[in-house]
Amino acid sequence: MPLQRGVSAKGEWKSREVILEEIDERIQFPNQYLVKFTGDRVNQLDGIKEGDTVTCHWSSKVRVFQTKDGRSMALQENNGWGIKN
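These notes cover the structure that comes with them.

Parameters and conventions
- Residues numbered from 1 in each chain as written.
- Predicted model: local features only at pLDDT ≥ 70, side-chain atom pairs only at ≥ 80, totals over all residues.
- Heavy atoms only, no water.
- Pairing = 2+ DSSP bridges.
- Helix = DSSP H or I, 4+ residues; strand = E, 2+ residues; numbered from the N terminus.
- Buried < 20%, exposed > 50% of the residue type's maximum accessible area, 1.4 Å probe, protein only.
- Contact = heavy atoms within 4.5 Å.
- Patch = residues over 30% accessible without salt bridge, like charges linked within 9 Å, V, L, I, M, F, W, Y side chains within 5 Å.
- Areas by Shrake-Rupley, 256 points an atom, 1.4 Å probe, with all protein chains shown as cover.
- Salt bridge = Lys/Arg side-chain N within 4 Å of Asp/Glu carboxyl O.
- Phe/Tyr/Trp six-rings, centres within 6.5 Å; stacked < 30°, edge-to-face > 60°.
- Core = buried A, V, L, I, M, F, W, Y, C linked by side-chain atoms within 4.5 Å.
- Polar contact = N/O pair within 3.5 Å; in protein donor to acceptor, adjacent residues only side chain to side chain.

Attention shifts here to the pairing of strand E5 (residues 72-84). Pairing geometry for strand E4 (residues 55-66) and E5, over 12 bridges, is antiparallel. Among the inter-strand pairings, Val62 is bridged to a residue of E5, identified as Gln76. Where E4 folds back onto E5 in an antiparallel hairpin, the turn is made up of five residues, including Gly70, whose phi is positive at roughly 90 degrees.

Here's what the structure looks like:
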């Protein structure tokens, strides 16, 4: 995915998302994961191209929030902290 850049109250920021597909011969339909790299970790994606086999480390967290109309919603985030091929 393309590099995203911006400026917030905390200063400049950058992020990039990648879609990773799990490799496991036992699984007929592999799982896919959307992982976001932020800050200087974005640089780890340099040199990695679509189709490469990589090892990736990330953490997942779920944020629960209320919508304006009062419904409870949950959003899962996968934040990358290491990737190499």
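Mapped onto the elements, Lys49 comes out in the loop between strand E3 (32-38) and E4. In this structure Lys49 comes out as exposed when scored by relative accessible area, which is 58%. Sequence separation between Lys49 and Ser72 is 23 residues; the distance between their C-alpha atoms is 38 Å.

With that out of the way, let us pick up the environment of Ser59. On the secondary structure map, Ser59 appears in strand E4. Separated by 39 residues in the primary sequence, Ser59 and Leu20 place their C-alpha atoms 14 Å from one another. Those residues in contact with Ser59, other than ones at most four positions away along the chain, are Glu77, Asn78, Asn79 and Trp81.

Residues Met1, Ile19 and Leu34 make up a contiguous nonpolar surface patch of about 300 Å² in total accessible area. Of note, Ile19 is situated in strand E2 (residues 11-21). Using a relative accessible area of 53% as the deciding quantity, one classes Ile19 as exposed.

Let us look at the packing of aromatic side chains. Each aromatic ring pair is characterised by the separation of its centres together with the angle its planes make. Scanning all chains against the criterion turns up one aromatic pair. With a centroid separation of 5.2 Å and 45 degrees between ring planes, the pair formed by Tyr33 and Trp58 is classed as tilted. Here Trp58 lies in strand E4 and Tyr33 lies in strand E3, a separation of 25 residues in the sequence.

Take the pairing of strand E1 (residues 4-8) next. For E1 and E2, the ladder comprises five bridges, and the chain directions are antiparallel. Each bridged residue has a counterpart across the sheet, and for Arg5 the counterpart in E2 is Lys14. Between E1 and the antiparallel strand that follows it, E2, lie two residues.

By size, the foremost hydrophobic cluster in this structure holds eight residues: Val18, Leu20, Val35, Phe37, Val42, Leu45, Cys56 and Ile83. Where this core is concerned, the elements lending two or more residues are E2 and E3. If we ignore the near neighbours within four places in the chain, the residues touching Val42 are Leu3, Lys14, Ser15, Arg16 and Phe37.

In this section: the side chain of Asp24. For Asp24, the position within the fold is in the loop between E2 and E3. A distance of 2.7 Å separates polar atoms of two side chains, one belonging to Asp24 and the other to Arg26.

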